[in-house]
Amino acid sequence: MGQQVIPVEELIKSKKKPGFKYTPEEAPTEDYRDILFQLEKEGELEVIRVPEPYVEVTTKYGRKKKIPLEHTWHHKSCGQCGHIPGYSTSIFWLNRQFGFDYVDPSDQTSCTAWNYYASATSNAEAQAAVAVRNFAAAAETGRFPLIHCGTSFGHYKEVRHELLHHHDLRRKVREIMERLGKKLVFPEEIVHYSEWVYAIRDKIAERQVIDMKHIVASVHPACHYHKLVEEDAIYDPEIYGAQRTAVVTGTLKALGIQIGEYSSWYDCCGFGFRHILVSRDFSRSFAVQRKIEVMKEEANPDVVVTHDTGCVTTLDQSQFAGKAHGKKVGIPVMSDSQIAALAMGAHPYKVLQLHWHNTENRPFLEKLGIDPDEKWREFEEALEKLKRGEKQYLTWEDADA
Amino acid sequence: MNFDINSTPLDLTGEKYRDVPYEEKERLFNEIKADVRFHDVLYGCYECGVCVAACPSARFYDFSPRVIAQAVAREDVELVYTLMNDSIWDCSQCFSCDRCPRGNSPGGLITLMREVAVKNGLETAKEALEGYGRIIYKIMSTGTQVSPDMLQPNAFPDWGHHVNEIAENLDLWRRALPPETLHTVETGWSVSEKTIIELYLIWHMTGVMDMIKEIDEGLFMILQDVMEERLEDAGYDVLFDE
Ligand code: SF4
Ligand code: SF4
């Protein structure tokens with residue numbers, strides 16, 4: 001390792017890359033909004049508008065993208081809800097702190113893309129129909145879909161491209177939706193939760209109660225966020241001179257966190273879809289050797305921050321085997337939603353639900369002046385109430401008590 | 001740095017599949033090309049290797065997205081057949097190769113090739129998906145893929161004692177989640193009955209169950225039973241095996 005020299009320090013230092021200009025003419029595809037609204041005019045589909053209030057951000061080639069602040073319909077992620085539920089709990093907690101209207105629906109399926117990328121036991125029609133069914137369910141509640149998972153986000157961007165460009169696919173999906181008593185609807189924008197966190201990063205920073213200036217974080221940008229349909233990902237000249245996506249890093253910087261650079265930032269996490277389930281040696285080895293060890297050697301961060309289900313899981317869980325092999329591991333892994341919530345004073349166990357994560361995170365909490373023992377005691381007290389049958393579930397009020 | 005720890009050398013000579021008739025290989029090749037997405041994923045290939053440099057699987061396996069893009073672009077039917085059997089399942093579907101200067105998506109091309117392999121029940125696809133059936137069952141029957149009750153020590157021994165702790169406290173820890181939809185154990189979140197019925201109808205109308213039948217007859221039958229019964233209860237007369 002370490003032969004590769006990338007002038008990342010310079011990139012970080014220079015606030016703005018000299019002479020940087022967005023180049024809309026270089027965007028690889030036409031503006032999807034133009035096609036969406038044209039198809040709507042022709043009666044082919046209905047567009048779900050981004051509700052007000054929204055924040056305008058800029059994507060890779062300079063297009064403006066509207067990020068809704070509220071009236072959102074939360075498209076959860078099977079991986080995070082199943083194995084790292086603090087990721088989504090933190091997103092909901094942030095919404096509640098700001099008093100934003102949102103809905104956490106049960107009329108929602110997974111995008112099914114994890115399975116699709118793993119096993120290919122699906123097809124373009126099925127994938128598009130699953131997406132549109134979910135979007136139609138969101139429209140029925142009068143709210144706008146906010147996508148929690150990086151893979152769902154990337155996959156839906158691809159589905160959009162396919163639906164907009166293939167008349168036959170639209171016809172088939174429309175027929176399926178008719179059978180379900182639904183319309184072919186599609187959102188004006190596909191919005192990932194980390195874009196929403198980025199859009200409200202200054203509001204979060206205004207309400208920050210935990211000082212994080214002495215914290216170093218390494219960022220893993222999720223492949224399916226910025227590599228799939230690259231033109232629809234947020235880029236900002238203030239962050240890496242717009243040479244990399246600005247989400248996550250922009251949020252961390254707003255919270256005062258220092259960014260720990262490492263050379264293999266573009267590499268994936270090793271998740272691999274079918275690999276994490278049935279070829280696990282690949283996932284473990286890649287996560288440890290190409291990501292965690294490189295971060296440790298080059299930046300020695302206090303925490304790794306990312307914005308996708310698979311990435312949090314792979315980077316976190318793979319460290320156990322790495323440790324057994326004497327590898328340089330031992331960095332806690334969290335989502336930007338968890339870090340943002342923590343900065344605003346959320347409980348590390350009742351809200352961030354850190355006990356579902358594997359790699360030791362107590363030193364990180366201690367460095368922030370949070371006593372993990374005391375917090376765990378508080379959580380255990382809440383658990384005792386559940387055990388005694390005094391309550392069936394931990395409520396949002398309990399989480400903030 | 002040598003990461004090539006578990007790789008089996010890829011035999012590109014065509015010897016291995018010499019007995020498979022050329023017409024059969026060509027039929028599968030034409031199926032790949034007939035997919036509506038084909039022209040979005042392959043425009044030709046410069047042989048530049050940018051995709052390989054970015055590819056995680058190329059570091060660990062005898063695997064190259066360049067070879068795959070080249071073989072398909074050159075219409076090398078024999079080589080494509082070999083790759084469809086012995087290479088495509090190594091791909092991690094990360095789409096790092098989407099930075100191809102020619103505008104290709106080798107990863108997207110691989111997705112299409114995998115679909116054709118599954119649809120045609122290739123033995124190598126069955127092997128690649130061995131042990132994966134329970135996941136297909138979960139996603140197709142419940143609408144969520146990874147459920148909390150999958151966190152069992154025997155399923156994830158390499159994640160250490162932490163998994164035991166979760167398994168032991170699963171029900172309690174799930175009840176200690178403030179969002180109401182997350183109190184579930186057998187699904188990622190609670191999915192309403194109406195939603196599941198709509199999902200089953202989608203599987204039925206898009207022929208996905210036919211793919212499952214090709215790849216795993218036993219799984220097909222289990223899914224068929226579950227889905228047909230719930231659909232019937234909901235007033236639908238739907239058969240997956242017509
Ligand atoms: S999608 Fe597949 S071929 Fe492309 S970079 Fe990722 S692992 Fe390699
Ligand atoms: S990056 Fe594109 S053009 Fe270059 S070898 Fe790979 S597929 Fe071919």
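Structural data are supplied above this passage.
Residues numbered from 1 in each chain as written. Chains lettered and ligands numbered in written order. Predicted model: local features only at pLDDT ≥ 70, side-chain atom pairs only at ≥ 80, totals over all residues. Heavy atoms only, no water.

A. How the structure looks around the pairing of strand β3 (residues 64–68) of chain A. In terms of strand pairing, strand β2 (residues 54–58) of chain A meets β3(A) through five bridges, oriented antiparallel. Along β3(A), the bridge assignment pairs A:V55 with A:I67. (Pairing = 2+ DSSP bridges. Helix = DSSP H or I, 4+ residues; strand = E, 2+ residues; numbered from the N terminus.)

B. Just the layout of surface pockets, in detail. In this structure, the largest pocket occupies an estimated 970 Å³ of space. A:K227, A:V229, A:E230, A:E231 and B:D98 are, among the 43 residues lining the largest pocket, the residues nearest its centre. Those elements giving two or more residues to the lining of the largest pocket turn out to be α2 (32–41), α5 (113–119), α6 (124–140) and α7 (150–165) of chain A together with α2 (38–41) and α7 (106–119) of chain B. Considering every element that reaches the lining of the largest pocket, the biggest residue donor is α7(A), with seven residues. Both domain 1 (29–193) and domain 2 (204–377) of chain A contribute no fewer than three residues apiece to the lining of the largest pocket. Its boundaries defined by the atoms lining it, the second largest pocket holds a volume of some 510 Å³. Lining the second largest pocket are 18 residues, with A:H357, A:N358, A:T359, A:E360 and A:N361 sitting closest to its centre. At the level of elements, α16 (319–324) of chain A together with α10 (161–175) of chain B are the ones that each hand at least two residues to the lining of the second largest pocket. (1 Å grid on protein atoms, 1.4 Å probe; cavity = no way out; pocket = protein on both sides within 12 Å on 5 of 7 lines; lining within 4 Å. Points joined across faces, edges and corners; volume = space filled by probe spheres on them. Domains from an automatic or database assignment.)

C. Spatial organisation of the interface of chain A and chain B. Taken residue by residue, the interface counts 89 residues in chain A and 83 residues in chain B. Interface area for chain A against chain B, summed over the two sides, is near 7600 Å², with a carbon-plus-sulfur share of 64%. Run the count over chain A and chain B and you get five salt bridges. Across the pair A:D107 and B:K194 runs a salt bridge, and its minimum N-O distance is 3.2 Å. A class-by-class count of the residues in the side of chain A that touches chain B yields 38 nonpolar, 32 polar and 19 charged. (Contact = heavy atoms within 4.5 Å. Buried area = accessible area lost by both parts, 1.4 Å probe. Salt bridge = Lys/Arg side-chain N within 4 Å of Asp/Glu carboxyl O. Nonpolar A, V, L, I, M, F, W, Y, C, P; charged D, E, K, R; others polar.)

D. Structural detail: the packing of aromatic side chains. Within this structure, the stated rule accounts for 24 aromatic pairs over all chains. Note on A:F282 and B:Y61: the rings are 5.5 Å apart at their centroids and 20 degrees apart in plane angle, and the pair reads as stacked. Of this pair, A:F282 sits in helix α14 (residues 280–298) while B:Y61 sits in the loop between α4 (56–60) and α5 (65–73), on two different chains. An aromatic cluster is built from A:W114, A:Y116, A:Y117, A:F271, A:F273 and B:F95, whose rings are joined through pairwise contacts. Positioned above the aromatic ring of A:Y32 is the side chain of A:R33, whose terminal nitrogen or guanidinium carbon lies 4.9 Å from the ring centre. (Phe/Tyr/Trp six-rings, centres within 6.5 Å; stacked < 30°, edge-to-face > 60°. Lys NZ or Arg CZ within 6 Å of the ring centre and 35° of its normal.)

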